[in-house]
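Structure assessment
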Amino acid sequence: MKLVVTGNEGQVVLSLMERAALHPSIELVALGRPQLNLVQPETVFAAITDAKPDLVISAAAYTAVDQAEDEAELASSINAAGAAAVAEAAASVNAPIIHLSTDYVFSGEGTKPYTEEDVTGPKSVYGQTKRDGELAVIQANQRHLILRTAWVYSPFGKNFVKTMLRLAETRDQLSVVADQWGNPTSALDIADAILHIAGRLQTDSSFDDFGIYHLVGTGSTNWSGFAEQIFRDSQAHNGPFADVKPILTADYPTKAKRPLNSRLSTDRFFDTFGWRAPEWQKSLEPVVNRILADNSRG
Ligand SMILES: NC(=O)c1ccc[n+]([C@@H]2O[C@H](COP(=O)([O-])OP(=O)(O)OC[C@H]3O[C@@H](n4cnc5c(N)ncnc54)[C@H](OP(=O)(O)O)[C@@H]3O)[C@@H](O)[C@H]2O)c1
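What comes next is a walk through the structure.

In this section: the pairing of strand β3 (residues 55-58). Residues L55 and I57 point to one face of β3 and V56 and S58 to the other, with burial holding for every one of them. Of the strand pairs in this sheet, strand β1 (residues 2-6) and β3 are connected by 3 bridges, and their pairing is parallel. Paired with V5 across the strands is I57, a residue of β3. Both β3 and strand β4 (residues 97-102) contribute to a ladder of 3 bridges, which runs parallel.

Bringing the side chain of K130 into the picture now. Secondary-structure assignment places K130 in helix α4 (residues 125-140). Setting aside anything within four residues of it in sequence, one finds K130 in contact with A61, N79, H99, L100, S101, T102 and V105.

Attention now goes to the environment of K158. One can find K158 in the loop between β6 (152-153) and α5 (160-167). Judged by its relative accessible area of 80%, K158 falls in the exposed class. Distance in space between the C-alpha atoms of K158 and Q11 is 8.0 Å, their sequence separation being 147 residues.

Examined against the element boundaries, D204 turns out to sit in the loop between α6 (187-203) and β10 (211-214). D204 sits 30 residues away from S234 along the chain, and the two C-alpha atoms are 42 Å apart.

Spanning 18 residues, helix α9 (residues 280-297) covers 26 Å between terminal C-alpha atoms, matching the ideal 26 Å at 1.5 Å per step. Taken together, the buried positions of α9 are occupied by W280, S283, L284, V287, V288, I291 and L292. The arc enclosing the buried residues of α9, seen along the axis, measures out at 165°, which places them on a common side. Exposed side chains of α9 directed beyond 90 degrees from the buried face belong to K282, S296 and R297. Immediately downstream of α9, the backbone of G298 shows phi near 90°, a positive value.

In the neighbourhood of the ligand, 24 residues make up the surrounding shell, with E9, V12, T63, Y126 and K130 lying closest. Side-chain polar atom of R33 to an oxygen atom of the ligand: 3.2 Å apart, as the coordinates give it. Here an oxygen atom of the ligand sits 3.0 Å away from a polar atom, N or O, in the main chain of V152. When the ligand sits alone it has 900 Å² of accessible area, and the protein chains cover 84% of it. Put simply, the parts of the chain that give the shell around the ligand at least two residues each are α1 (11-20), β4 and α4. Residue contributions to the shell around the ligand peak at 3 residues, all from β4. Grouping the constituent residues of the shell around the ligand by class yields 12 nonpolar, 9 polar and 3 charged.

Attention now goes to the packing of α1 against α6. Direction vectors running N to C along α1 and α6 enclose 60°, while the axes themselves pass 8 Å from each other. When the axis of α1 is compared with that of α6, the two are oblique. Seen along the crossing, α1 lies across α6 with a hand that is right-handed. Contacts from Q11, V12, S15, L16, E18, R19 and A20 of α1 reach α6 at A187, L188, I190, A191, D192, I194 and L195.

Glancing now at the packing of α5 against α9. Packing of α5 against α9 leaves a shortest axis separation of 11 Å and a crossing angle of 50°. In terms of orientation, α5 and α9 fall into the oblique class. Handedness of the crossing formed by α5 with α9: right-handed. Together, V161, K162 and L165 of α5 and L284, V288, I291 and L292 of α9 make up the contact between the two elements. Residues of the contact of α5 with α9, tallied by class, amount to 6 nonpolar, no polar and 1 charged.

Rules used throughout
Residues numbered from 1 in each chain as written. Predicted model: local features only at pLDDT ≥ 70, side-chain atom pairs only at ≥ 80, totals over all residues. Heavy atoms only, no water. Buried < 20%, exposed > 50% of the residue type's maximum accessible area, 1.4 Å probe, protein only. Helix = DSSP H or I, 4+ residues; strand = E, 2+ residues; numbered from the N terminus. Pairing = 2+ DSSP bridges. Contact = heavy atoms within 4.5 Å. Expected span 1.5 Å × (residues − 1). Arc of directions from axis to C-beta. Near = heavy atom within 4 Å. Polar contact = N/O pair within 3.5 Å; in protein donor to acceptor, adjacent residues only side chain to side chain. Areas by Shrake-Rupley, 256 points an atom, 1.4 Å probe, with all protein chains shown as cover. Nonpolar A, V, L, I, M, F, W, Y, C, P; charged D, E, K, R; others polar. Axes fitted to C-alpha atoms, helices over the stretch in contact; angles between N-to-C directions. Parallel < 35°, antiparallel > 145°, perpendicular 65-115°, else oblique. Left-handed = near helix turned anticlockwise from the far one by under 90°.

Here it is, written out as structure tokens:
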């Protein structure tokens, strides 16, 4: 089975490359800039149709949440028009698409985990462009699986875990917001879930449960609790430690507004695919260990 993923060095792209190497029946090709540039739809079409994939994974996106407030046009051309181009190209070669989206499509009221049926209401430019992308993908390719994920970390690229470990090298205490709740998610688990879906599509030719799914780590916390767990794991591996001071979002203003509650329910994913990510603490520990080992190698 031939899979194409968009992007070169994104967290999900690199996690998929690593995990796909463990599946002999899967050939994975990453297509990114300059060959496939989401702001140039013609390159998207040419790159995907030339590759003739059986399944397209749309993982590339404009992900700078705060910067997007100042670059709405660019964010939209990548996250909405670019996503549409990927979905159209996939449809033109008769391939289904797995498109990654975000918890930031929700406004964040209440405390209950959001289900796929809940009404969206993005509070940020990034969230709005990702919601526009979802609708464009749905429109362009009937065989779509939209996976909304959240709070993604991995041994690769930029993420909260790496930032915390870096800051703790020079500081004893860090202030971290404690009133935004969500589900920390390892990109390696996202990769496993995608490969699980690929296996299902390969073996079940009558599969037609296309639609929107939530896919996040199991269990929830707030950013402050996430940071505390990072430092517990780090300390256990002789890495840097910092005390975490819980603060309110109001005390840490950012350009983009974020939902206070972005917990996502993964029941639909489990009911359809029989797969759930491990407890978030379980997935976190080996990634912290890997980042520490990578850092110590320089
Ligand atoms: N990170 C999170 O916390 C989070 C949370 C919820 C949802 N998501 C969603 O999950 C998906 C994967 O996120 P991630 O964390 O893996 O992202 P990431 O690490 O920030 O990587 C972004 C990827 O997009 C590619 N890209 C950006 N602009 C492009 C363009 N114009 N043309 C082609 N490729 C372009 C980058 O290319 P290069 O490799 O060339 O740099 C990179 O591969 C995204 O759809 C994101 O919206 C992420």
